[in-house]
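Architecture at a glance
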Amino acid sequence: LENLQPEIKELAQRLRYEVSVRGKQLGWSEKVARSHFARNMRRIVTELYIRDNCHPFKATLLLWVQVPMWVCVSLALRNCSVGALGSAVQEQFSSGGALWFTDLTAPDSTWILPVSLGLVNLLVVEV
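Because the structure is predicted, anything quoted here is derived from the model rather than measured. (Residues numbered from 1 in each chain as written. Predicted model: local features only at pLDDT ≥ 70, side-chain atom pairs only at ≥ 80, totals over all residues. Heavy atoms only, no water.)

1. Considering the overall build of the protein chain
Quick reminder of the rule: Helical segments are the DSSP runs of H or I of at least four residues, strand segments are the runs of E of at least two, and each set is numbered from the N terminus. The size measure is the radius of gyration over C-alpha atoms, and the globule rule it meets is 2.2 Å times the number of residues to the 0.38 power. In this scheme, a residue with accessible area under 20% of its type's maximum is buried, one over 50% is exposed, and one in between is partly exposed, where area comes from a 1.4 Å probe on protein chains only. Residues count as neighbours in contact if any of their non-hydrogen atoms are within 4.5 Å of one another. Note on areas: these come from Shrake-Rupley sampling with a 1.4 Å probe, and a residue is covered only by the protein chains present in the view. The positive count covers Lys and Arg only, the negative count covers Asp and Glu only, and His and the chain ends enter neither. Charged side chains are reduced to one point each, which is NZ for Lys, CZ for Arg, CG for Asp and CD for Glu.
A tally of regular secondary structure across the protein chain gives 5 helices and 0 strands. Its helices and strands in sequence order give the protein chain the pattern α-α-α-α-α, from N to C terminus. Over its C-alpha trace the protein chain gives a radius of gyration of 27 Å, far above what one expects of a compact globule, namely 14 Å for 127 residues. For the protein chain, the C-alpha atoms occupy an extent of roughly 80 × 25 × 25 Å along the three principal directions. Burial statistics for the protein chain: of 127 residues in total, 13% are counted as buried. Excluding contacts between residues fewer than 6 apart, the proportion of contacts in the protein chain whose partners are at least 24 apart in sequence is 38%. Accessible surface computed for the protein chain: about 10300 Å², of which carbon and sulfur atoms make up 64%. Distance from the positive charge centre (13 side chains) to the negative charge centre (11 side chains) of the protein chain: 19 Å.

2. A short note on the pattern of salt bridges
Oppositely charged side chains can form a pair if their charged atoms are brought close together. How we decide: Criterion for a salt bridge: a side-chain nitrogen of Lys or Arg within 4 Å of a carboxyl oxygen of Asp or Glu.
Counting across every chain of the model gives 4 salt bridges. For arginine 51, the salt bridge is made with glutamate 7, and the minimal N-O distance between the two is 3.0 Å. Separated by 44 residues along the polypeptide, arginine 51 in helix H2 (residues 30–52) and glutamate 7 in helix H1 (residues 5–26) bring together distant segments of the chain. Judged by relative accessible area, glutamate 7 falls into the partly exposed class, the value being 29%. Aspartate 52 is the partner of arginine 51 in a salt bridge, and the nearest nitrogen-oxygen pair spans 2.9 Å. The network of salt bridges with shared partners includes Glu7, Arg51 and Asp52.

3. A few points about the domain arrangement of the protein chain
We apply this condition: In this document the domain limits rely on a domain assignment from an automatic tool or a database.
In terms of domains, the protein chain is made up of domain 1 (3–54) and domain 2 (59–126). Placing a centre on the C-alpha atoms of domain 1 and another on those of domain 2 gives a separation of 49 Å.

4. Describing the nonpolar core
Most often, soluble globular proteins keep nonpolar side chains buried together rather than apart. Heads up, the rule is: We define the nonpolar core as a collection of buried residues of types Ala, Val, Leu, Ile, Met, Phe, Trp, Tyr and Cys that are connected through side-chain atoms lying within 4.5 Å of one another.
If you look at the biggest cluster of nonpolar residues, it comprises 14 residues, and the most contacted ones within it are Leu4, Ile8, Leu15, Phe37, Met41 and Leu48. Of all the elements in the fold, those that place two or more residues in this core are H1 and H2. When residues of this core are assigned to their parent elements, the largest contribution, 7 residues, is made by H2. Sequence-distant contacts of leucine 4, that is, excluding residues within four places in its chain, are made with Leu48, Tyr49, Arg51, Asp52 and Cys54.

5. Structural notes on unusual backbone geometry
Within the chain, asparagine 53 stands out as a residue other than glycine whose phi angle is a positive 55 degrees. Here asparagine 53 is to be found in the loop between H2 and helix H3 (56–81). With relative accessibility at 55%, the residue asparagine 53 sits in the exposed group. Notably, tryptophan 111 is not glycine yet its phi reads approximately 65 degrees, a positive angle. Among the structural elements, tryptophan 111 can be located in the loop between helix H4 (87–95) and helix H5 (112–126).

This is the structure we're talking about:
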């Protein structure tokens, strides 16, 4: 979508000029000229999206899958850490850590895990 923006701007300028010239020839009002411009611009942009196979909905598709998945995983981990699934799971979480985080039910006072998770998520989004 970003790569198409210069081409869309150029086509919009050319179309705006053509519509204004044609509107003056036919005596269109400003409202009619804007209507013709908007309709033709929509058609041109749709053709560009089809040509380059980059519909804006495709960019949001990952979001519609990732957000519910993130919510479900967060709730599942919360239920495991607070003992909602039973004391055996709670016991395994309280003694199953590694390095500086030996108790997975306690908050990370060093903020290493939350910050590193945020940085990894940012890296994934940017890549």
